[in-house]
Each structure stands twice: as structure tokens, then as C-alpha cells.
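# A closer look at the structure
Each chain, letter by letter, is given below.
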Amino acid sequence: MAKIIDKKIISKKKFCPPHYIPHKLPLGKKIIDEPCHIHKKVHNMIHHKFFCKCLKCSHYNFMIKELGKAKNV
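Residues numbered from 1 in each chain as written. Predicted model: local features only at pLDDT ≥ 70, side-chain atom pairs only at ≥ 80, totals over all residues. Heavy atoms only, no water.

## As for the pattern of salt bridges
Inclusion rule: A carboxyl oxygen of Asp or Glu within 4 Å of a side-chain nitrogen of Lys or Arg is what we treat as a salt bridge. Only DSSP runs of H or I reaching four residues or more are called helices, and only runs of E reaching two or more are called strands; each is numbered from the N terminus. In this scheme, a residue with accessible area under 20% of its type's maximum is buried, one over 50% is exposed, and one in between is partly exposed, where area comes from a 1.4 Å probe on protein chains only.
Applying the stated criterion to the full structure yields two salt bridges. For the salt bridge of Glu34 with Lys7, the shortest nitrogen-to-oxygen distance reads 3.3 Å. Highlighted residues: Glu34 in the loop between strand 1 (7–9) and strand 2 (37–39) and Lys7 in strand 1, separated in sequence by 27 residues. By relative accessible area, which is 3% here, Glu34 ends up buried. Here Glu66 ties to Lys69 by a salt bridge, and the two come within 3.1 Å at their closest N and O atoms. A residue pair is termed a helical-turn pair when its members lie 3 or 4 positions apart in one helix, as Glu66 and Lys69 do in helix 2 (residues 60–71) at three residues.

Now the structure itself:
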């Protein structure tokens, strides 16, 4: 997976649920090893607020809380 400069890992023990979109088309194996993270740029966080909620990610509230902390720094 490509390295995203503004990506900040917020947990090494929590992972995104298995998914394709927004990273790849729904073909082949799903992405299963992406650590829970946020992005510093607002436009890169848009997909999280949408896709993580649609995927019913169990870490969604944790991610939003950590995003709030990052904005207050």
C-alpha cells in the first residue's frame, strides 16, 4: 500500500474492518491489516467519516475522539 504523508496511526492494536473501497476496486483480497488511523488533511478524512461509519467499524468513535484531540493540538 502506498505511504500517505498525512496519515497518523492512532493504534497498533486496532485495525480497520476488512474493506476494498476507498483503496481499491472490489476485486481480489480485501485489505485486512490497516491500522486504525487519521489524516491531518480534512479532504483525506472525508472518506473515514463516511466509509468507517458504513462499515460499522467498532473503532469509529475511538477514531473520532482521536481526531478531536489532534485538532486541539
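## A closer look at empty space enclosed by the protein
Quick note on the threshold: Whether a set of points on the 1 Å grid over the protein atoms alone is a cavity depends on a 1.4 Å probe fitting there but being unable to get out, while an open set qualifies as a pocket with protein on both sides within 12 Å along at least five of seven lines; lining residues are those with an atom within 4 Å of a point. Grid points are joined across faces, edges and corners, and a volume is the space filled by probe spheres set on the points. Asp, Glu, Lys and Arg are counted as charged, while Ala, Val, Leu, Ile, Met, Phe, Trp, Tyr, Cys and Pro are counted as nonpolar; the rest, among them Gly, fall into the polar class.
This model, assessed by the stated rule, comprises two cavities of 30 Å³ or more. Computed from the structure, the largest cavity encloses a volume of approximately 70 Å³. The wall of the largest cavity is formed by Cys16, His19, Ile21, Pro22, His23, Glu34, His47, His48, Phe51, Cys52 and Leu55. For the lining of the largest cavity, the per-class residue count stands at six nonpolar, four polar and one charged. There is about 60 Å³ of room inside the second largest cavity. In terms of lining residues, the second largest cavity is bounded by Phe15, Cys16, Cys36, His37, His48, Cys52, Cys57, His59, Tyr60 and Met63. Within the residue set of the lining of the second largest cavity, elements represented by two or more residues are helix 1 (42–54) and helix 2. Among the residues making up the lining of the second largest cavity, the classes are represented as seven nonpolar, three polar and no charged.

## Concerning the environment of His47
Applied cut-off: We call two residues in contact when some of their heavy atoms are within 4.5 Å. What qualifies as a polar contact is a pair of N or O atoms within 3.5 Å, subject to a donor-acceptor requirement within protein and to the restriction that residues adjacent in sequence count only when both atoms come from side chains.
In this structure, His47 sits in helix 1. Residues His47 and Leu25, 22 residues apart in the sequence, show an inter-C-alpha distance of 15 Å. Those residues within four positions of His47 in sequence are excluded, and the remaining contacts are Pro22, His39 and Cys52. Engagement of the side chain of His47 in a polar contact is seen with the backbone oxygen of Asn44, the distance being 2.8 Å.

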